[in-house]
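Now for the letters of each chain:
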Amino acid sequence: MLRREYGKLLSRHTTLKIGGPVFCWIEPENINDLFNAITIAGDVQKDLAIIGAGSNILAREQGFDGIAVYLGRGFDFIEKEEDDIVRVGPGLPVSLLVKKTAEWGLTGCEFLAGIPGSFGGALFMNAGTRDIEDPNRMREVKDIVVDVDVINVKNIKKETLKRKDIPFTYRSSGLDGRCVISGRLKLEKAGEEIIRKRMGSFVKSREWMKKLGFPSAGSVFKNPDSAMPAGRLIEESGLKGARVGGAEISKAHANFIVNTGGATSKDVMELIELARKNVRDKFGIELELELKLI
Ligand SMILES: Cc1cc2nc3c(=O)[nH]c(=O)nc-3n(C[C@H](O)[C@H](O)[C@H](O)COP(=O)(O)OP(=O)(O)OC[C@H]3O[C@@H](n4cnc5c(N)ncnc54)[C@H](O)[C@@H]3O)c2cc1C
């Protein structure tokens, strides 16, 4: 039986705690349910949105007049296929991916320690961060992917895409129009102590996030380039702490917008436009959204 809920508020499912009602929320528990959910969206001619942990989403107040599919229970698996290859479900929290691979003595996922979200979201967004040992290097999900199973939403067919055929770029997998149903990762064997030390270093590098103090959805904009991060451009445009309604450009990091209480998507959008305008006027740089709008 396909679990559906009509009118569920997206604010209950986004880390920013913003978002209106969704026409129909479906939580498939297995692959057949998921095929059915995607088929229903086509049959009723509604848009389809795949929702992970909602940690990089800005959901509009007026809601989403479509089918939102949440892959949780039934898709939260992780299994060792070979000594150094793991297969991961999209619903697995990234924190558990990091924990489990460390327990198995496999290195490669430590950079994800402290990044919120699900494996599906991390893969779709090509989540990543600067390396701790080599600050000139970025660590991203694409570095560890072997292949990915998806359902193509257009023709409702399962596809297996090899790493080389996935157009990964900075904070994008290019997998739009596809639902990730599992991914295989190639890791390396290492001592558990070394892995835990690396994990600890990545977690430590994120300690500043405690200063955010309010709900957020991660980086609002992509960094135009590593020498000119979006946060610095916004800060140098004098916008740290700028507020519209309950939304604020964080005083802890200018590329984060926080919900200080009662913020609406309109408040956040106004701050986004303000940041874009000021950065364009001062630096001639066009900021591109990292946040996904629903
Ligand atoms: C405090 C904080 C810190 C953060 N730090 C970082 C960071 O250091 N680095 C970084 O990269 N990100 C960071 N983020 C952003 C966010 O955590 C990542 O982008 C995360 O990987 C998103 O996962 P999610 O499950 O929450 O995805 P969601 O926010 O739910 O979705 C994001 C996108 O992925 C799509 N998606 C989700 N699951 C699937 C699926 N199974 N198939 C197809 N599409 C799917 C959604 O449709 C949406 O377009 C941070 C966020 C917060 C709140």
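Residues numbered from 1 in each chain as written. Predicted model: local features only at pLDDT ≥ 70, side-chain atom pairs only at ≥ 80, totals over all residues.

The number of helices and strands found in the protein chain is six helices and 18 strands. The C-alpha atoms of the protein chain give a radius of gyration of 19 Å, which matches the 19 Å a tight globule of 294 residues would have. For the protein chain, the C-alpha atoms occupy an extent of roughly 50 × 50 × 30 Å along the three principal directions. The proportion of buried residues among the 294 residues of the protein chain is 40%. Restricting to contacts in the protein chain with at least 6 residues of sequence separation, those with at least 24 account for 63%. (Helix = DSSP H or I, 4+ residues; strand = E, 2+ residues; numbered from the N terminus. Rg over C-alpha atoms; globule rule 2.2 N^0.38 Å. Buried ≥ 20, exposed ≤ 12 C-beta atoms within 10 Å, placed from the backbone. Contact = placed C-beta atoms within 7 Å.)

Another aspect to go through is the environment of Lys100. By the element assignment, Lys100 lies in helix α2 (residues 94-103). Taking C-alpha positions, Lys100 is 12 Å from Arg87, a pair spaced 13 residues apart along the chain.

The next subject is helix α6 (residues 265-283). The end-to-end C-alpha distance of α6, which contains 19 residues, comes to 26 Å, matching closely the 27 Å that a straight helix rising 1.5 Å per residue would cover. When α6 is considered as a whole, its buried residues turn out to be Ser265, Asp267, Val268, Leu271, Ile272, Ala275 and Val279. Buried residues of α6 fall within an arc of 160° about the axis and therefore sit on the same side. Within α6, the exposed residues directed more than 90 degrees away from the buried face are Glu273 and Asp281. (Expected span 1.5 Å × (residues − 1). Arc of directions from axis to C-beta.)

For the rest of this paragraph, the subject is the domain arrangement of the protein chain. If you check the domain split of the protein chain, you get domain 1 (3-70), domain 2 (78-205) and domain 3 (208-293). Computed from C-alpha atoms alone, the centre-to-centre distance between domain 2 and domain 3 is 26 Å. (Domains from an automatic or database assignment.)

For the rest of this paragraph, the subject is the nonpolar core. One finds Val69, Leu112 and Ala122 to be the most contacted residues of the largest nonpolar core, which totals 75 residues. Residues contacting Leu112, with those up to four places away along its chain left out, are Val94, Leu97, Val98, Ala122 and Ala127. (Core = buried A, V, L, I, M, F, W, Y, C linked by C-beta atoms within 7 Å.)

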